[in-house]
Amino acid sequence: MVPALGVVVLIALSLALEHHGDRVSREHLEAWAAQEGYTLLDVRRRYATFRFFFRSKAQRVYELTAVHDATHAHRSGAAKVGGYFLGAMTPDVDVEWDD
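Residues take numbers from 1 onward in each chain, read along the sequence in its written order. It should be noted that, the model being predicted, local features are given only for residues of pLDDT at least 70 and side-chain atom pairs only at 80 or more, the latter also being counted only at that level, while totals for whole chains, interfaces and linings use all residues. Just so you know, side-chain values use all the structure's heavy atoms and leave hydrogens and water out.

### Considering the pairing of strand β3 (residues 74–81)
Stage number 1. Here strand β2 (residues 60–68) runs beside β3; their pairing, made up of 8 bridges, is antiparallel. Paired with Ala66 across the bridge in β3 is Arg75.
Stage number 2. At least two bridges found by DSSP between two strands are what make those strands a pair. Numbering goes from the N terminus for both helices and strands, where a helix is a DSSP run of H or I of at least four residues and a strand is a run of E of at least two. Between β2 and β3, which pair antiparallel one after the other, the connecting turn spans 5 residues, and His72 there sits at a positive phi close to 60°.
Stage number 3. Inspection of the sheet shows β3 paired to strand β4 (residues 93–97) by 5 bridges, in the antiparallel sense. Bridging from a neighbouring strand, Ala78 pairs with Glu96 of β4.

Here you go:
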């Protein structure tokens, strides 16, 4: 009975940490968009992508669609969020646009 409780606690902890990391990464992405003059229209996390081949498991990749506030131009691309070693603890955002 006790080992089963330990497994449940570990699963709950890993899900909570994953949710927290995703929330922080989205905050970094939204801050980058505001700083660069974009409004994010659609953001979707991608778990398997060849877009950023050299990335760590700590970094998150998002497909995004944004509109530039000044020119009203719509752009689509992908964003890699977080540092190589510290992940979401580092507010690095690297965006590759489709165009």
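### Here's the deal with the nonpolar core
Stage number 1. Take the buried Ala, Val, Leu, Ile, Met, Phe, Trp, Tyr and Cys residues and link them wherever side-chain atoms come within 4.5 Å; each set so joined is a nonpolar core. For each residue, the accessible area found with a 1.4 Å probe, counting protein chains only, is set against the maximum for its type, and the residue is called buried under 20%, exposed over 50%, and partly exposed in between. Ranked by size, the top nonpolar core spans 13 residues in total, and within it Leu29, Trp32, Leu64, Val93 and Trp97 carry the most contacts.
Stage number 2. Those elements that place two or more of their residues in this core are α1 (2–36), β1 (38–46), β2, β3 and β4.
Stage number 3. Contacts are assigned to residue pairs with any non-hydrogen atoms lying within 4.5 Å of each other. Beyond its immediate stretch of four places on either side in the chain, Trp32 contacts Tyr38, Val93, Val95 and Trp97.

Spatial relationships are all this shows, so hold off on functional conclusions.
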